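Commentary on secondary and tertiary structure
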Amino acid sequence: MSPRAALPLHLEYTLLGLLRQKPQHGYDILQNWDKNLGIIWKVKPGRLYAALNKIEQHGLLSAQIESGENAPARKVFALTAQGESTFSRWLRSPVPSPREFRQEWFAKLFFFPELSPDERSAVYAGQIKAARSWLKAQDELNLTGSAFEGQVRRFRQMQIQNILKFLTDTQNNQITRS
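In every chain, residue numbers begin from 1 and rise along the written sequence. Local features in a predicted model are, by the rule used here, given only for residues with pLDDT of at least 70; side-chain atom pairs are given and counted only at 80 or more, and totals for whole chains, interfaces and linings are based on all residues. For side-chain calculations, the full set of non-hydrogen atoms in the structure is used, while hydrogens and water are omitted.

Before going further, it helps to examine the packing of helix 1 (residues 10-21) against helix 4 (residues 81-92). How two helices pack is summed up by the angle between their axes together with the distance between the axes. Running from N to C, helix 1 and helix 4 cross one another at 120°; their axes reach a closest spacing of 9 Å. In the crossing of helix 1 with helix 4, the sense of the turn from one axis to the other is left-handed. Contacts between helix 1 and helix 4 pair His10, Tyr13, Thr14, Leu16, Gly17 and Arg20 from the former with Gly83, Glu84, Thr86, Phe87 and Trp90 from the latter. For this classification, the nonpolar set comprises Ala, Val, Leu, Ile, Met, Phe, Trp, Tyr, Cys and Pro, the charged set comprises Asp, Glu, Lys and Arg, and every other residue, Gly included, is treated as polar. Here the contact of helix 1 with helix 4 is built from residues that sort into four nonpolar, five polar and two charged. Note on geometry: axes are lines fitted to C-alpha atoms, helical ones only across the stretch in contact, with angles between N-to-C directions running from 0 to 180 degrees. Labels follow the DSSP assignment, with helices taken as runs of H or I lasting at least four residues and strands as runs of E lasting at least two, numbered in each case from the N terminus. The hand of a helix crossing depends on one turn: near helix anticlockwise from the far one by less than a right angle means left-handed, and clockwise means right-handed. The contact criterion used is simple: two residues touch if any of their non-hydrogen atoms lie within 4.5 Å.

This is the structure in structure tokens:
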């Protein structure tokens, strides 16, 4: 995992969410990830195990060694109270940038059934507000005026506008679903 990040990144937060559902060992987590979150992004086993070890070291997970009769011993990970709190804060906070939106928003959306309709509404409202601020920040940039820079700026504006459109178009369906 990246040495630059003291707190978990969206991969680690998503792992916390999967472990919130039930304690699991690494192989089961990987299978669960592939089945449910593989459409968002693929995670290699080495990266998954490194992330699990990192968040265990931060006290967000506990691990117990489980010995099998016909299988080697394996670690079973479970969420700690601190992990629960960390996951809950992440789930309810907006994605911080358009660059991270695709993976992080849909990871959060996967866990929406665990939230009440009012909580879902608040998450959407916070994300829409964040996206509007991204768009405003794009409009306030001082640019040199090169054609290349203009294309990049236009792409970013359109990307954020599409994120806003997606959020407003899907908001009611996600809030009311059970």
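A helix is expected to reach a length of 1.5 Å times the quantity of its residues less one. The terminal C-alpha atoms of helix 1, which comprises 12 residues, lie 17 Å apart, in line with the 16 Å expected from a rise of 1.5 Å per residue. Between buried and exposed lies partly exposed: a residue is buried under 20% and exposed over 50% of the maximum accessible area for its type, with that area taken using a 1.4 Å probe on protein chains only. Those residues of helix 1 not exposed but buried are His10, Leu11, Glu12, Tyr13, Thr14, Leu15, Leu16, Gly17, Leu18 and Leu19.

Glancing now at the pattern of salt bridges. Note that side chains of opposite charge can pair when their charged atoms are close. In what follows, salt bridge is the name for a side-chain nitrogen of Lys or Arg lying within 4 Å of a carboxyl oxygen of Asp or Glu. All chains considered together, the criterion is met by nine salt bridges. Its salt-bridge partner being Glu119, residue Arg92 comes within 2.8 Å of it at the nearest N-O pair. Remark: Glu119 occurs in helix 6 (residues 117-139) and Arg92 occurs in helix 4; sequence separation between them is 27 residues. When the shortest N-O distance is used, the salt bridge between Asp169 and Lys165 registers 2.7 Å. With a gap of four residues between them, Asp169 and Lys165 both fall in helix 7 (residues 147-176), about one helical turn apart. Assessed through its relative accessible area of 47%, Lys165 is described here as partly exposed. Overlapping salt bridges, with partners in common, bring together Arg20, Glu84 and Glu114 in one network.

Below, the discussion takes up the side chain of Lys108. By secondary structure assignment, the location of Lys108 is in helix 5 (residues 98-110). We classify Lys108 as buried; its relative accessible area is 0%. Apart from residues no more than four positions distant in its own chain, Lys108 is found in contact with Trp90, Leu91, Ser93, Pro94 and Val95.

We now examine the nonpolar core. Residues belong to one nonpolar core when they are buried, are Ala, Val, Leu, Ile, Met, Phe, Trp, Tyr or Cys, and are joined through side-chain atoms within 4.5 Å. Counting residues in hydrophobic clusters, the biggest one holds 43 residues, and the most contacted among them are Leu15 and Trp105. Elements that contribute at least two residues to this core include exactly helix 1, helix 2 (26-36), helix 3 (45-57), strand 3 (74-79), helix 4, helix 5, helix 6 and helix 7. Of the residues forming this core, the biggest block, seven residues, is contributed by helix 6. Residues in contact with Trp105, not counting those within four places in the same chain, are Val95, Glu100, Phe112, Val123, Tyr124, Gln127, Phe166 and Leu167.

Looking now at helix 2. Within helix 2 the residues assigned to the buried category are Gly26, Ile29, Leu30, Asn32 and Trp33. Looking down the long axis of helix 2, one finds its buried residues gathered within 165° of arc, a one-sided arrangement. Read the arc as the range of directions from the helix axis to the C-beta atoms.

Our focus in this paragraph is the sheet that holds strand 1 (residues 24-25). In spatial order, the strands read 1-3-2; together these three strands make up an open sheet with antiparallel pairing. At either margin of the open sheet sits one strand with a lone partner, and together these are strand 1 and strand 2 (61-66). In this structure, strand 1 lies alongside strand 3, joined through two bridges in antiparallel fashion. Opposite His25, over in strand 3, you have Val76 as the bridge partner. With respect to the sheet, helix 1 is in contact with strand 1, strand 2 and strand 3, its orientation differing from that of strand 3 by roughly 90°. Paired strands, as defined in this entry, are two strands with at least two bridges between them according to DSSP.

Attention now goes to the environment of Leu141. In this structure, Leu141 sits in the loop between helix 6 and helix 7. Using a relative accessible area of 39% as the deciding quantity, one classes Leu141 as partly exposed. Residues Leu141 and Trp90, spaced 51 residues apart in sequence, show a C-alpha to C-alpha distance of 29 Å.

In short, geometric facts, not functional conclusions.
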